[in-house]
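So you can see what is in the structure, the chains are spelled out below.
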Amino acid sequence: MTTTNQNETTTVPGRARRLAANAAEAADVRRWQTHPDVVALRVERVRAQVDRLCWSGIVLGLAFTTANVQWFAAAGSAVGSLPWLTAWLLDPTVCLVLLAILRAEQITARYQVHTGAWVRAAKWFTLAATYVMNTWSSWVSGSPAGVVLHSVPPLVVFVAAEAVTDLRDKLTDAVTVAFMNATDRASVAESAPVAQLVVPVHEPNTPVQEPTAPVPEESVPVREPAAPKPAAPRPARRKLFADYLTDARTAWTPGVEITPAWVRETAGCSRGLSSRLAATLTAEIGKRGAS
């Protein structure tokens, strides 16, 4: 009976120690998995995979349209003649402009910098021109199968060109959200009260002999309490998007045009963040005026 109790007493603390070690390891892994730098590294890997897949589809789709556009531009010219050779230059001219715009949007979307109306117009015009040159012959001949066949690659390129820009913007938002969550957790951890350890004091069991003769009092010099040491200054909390937006909202007055330059001057934010702040503040003021 005594041996069984001793085994149970030995097993339970051993199991508790293993569970405590597993819990500590899981908490450490979770803390590093949600670290902003680790999240940013994962997002960059996903971003690279998305870019490679989208660019592969776009290039293959444009390569398919090149042969169709050449046949459309050659208009029955003899193979090897000058019109037949120059017809090969038409689609690459349009495709190179489109690829240049998409490559630039790859960088602007990463830092969430919005492009102007001319950029979007040029992208849509090149995509529309590619679609028209691919499907014109099928429309004229009245071939529904030809229209469908030659419409799929340009439309896929168009949808991919629009979707990949939005995907890059959302991936950047994921990194921002991870950083904000980590900052909030750090703020909560700093403001949480620290539990004081209470150490029990055990009195000795040996009896204390009282002195029979009076003990002369010794004069103990009174020491002045030492001045408290100044607390170390806490590091300043990094300014978040909501803080910049609050500063800009407070500084805005009716009649002031909200531009990224005005937001940078008022809130002191970066150039890449000023465009988002200006768009968000403009939308808020527009809703306020509409209501």
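Structure first, text after, so check above.
In this report, we go over the structure that sits alongside the text. Predicted model, so just to flag it, every value in this text is computed and none were measured. (Residues numbered from 1 in each chain as written. Predicted model: local features only at pLDDT ≥ 70, side-chain atom pairs only at ≥ 80, totals over all residues. Heavy atoms only, no water.)

### Topic: helix H8 (residues 260-267)
Since one α-helical turn is 3.6 residues long, residues separated by three or four positions face the same way. Our working rule: When accessible area is computed with a 1.4 Å probe and restricted to protein chains, residues below 20% of their type maximum are described as buried, those above 50% as exposed, and intermediate ones as partly exposed. Note on conventions: DSSP H or I runs of at least 4 residues are helices, E runs of at least 2 residues are strands, and numbering of each starts at the N terminus. Summarising the geometry, the arc corresponds to the directions from the helix axis toward the C-beta atoms.
Regarding H8, the residues found buried are Trp262, Val263 and Ala267. The arc that holds the buried residues of H8, viewed along the axis, is 105°, so those residues lie on one side. In the stretch just after H8, glycine 268 is the one whose phi turns positive, near 75°.

### Let's talk about the packing of aromatic side chains
For clarity, the cut-off: Stacked, edge-to-face and tilted are the three classes for Phe, Tyr and Trp ring pairs, Trp counted by its six-membered ring, which pair at centre distances within 6.5 Å; planes under 30 degrees apart are stacked, over 60 edge-to-face, the rest tilted.
Evaluated as defined, the whole model comprises 2 aromatic pairs. Here the aromatic rings of tryptophan 84 and tryptophan 88 are separated by 5.9 Å at their centres, their planes lie at 80°, and the arrangement is edge-to-face. Its relative accessible area of 35% is what places tryptophan 88 among the partly exposed residues. When the centroid spacing of 6.3 Å and the interplanar angle of 55° are considered together, the rings of tryptophan 124 and phenylalanine 158 count as tilted. You can see tryptophan 124 sitting in helix H5 (residues 117-141) and its partner phenylalanine 158 sitting in helix H6 (residues 144-191), a full 34 residues away along the chain. Judged by relative accessible area, which is 42%, tryptophan 124 ranks as partly exposed. On the basis of relative accessible area, phenylalanine 158 is assigned to the partly exposed category, the value being 29%.

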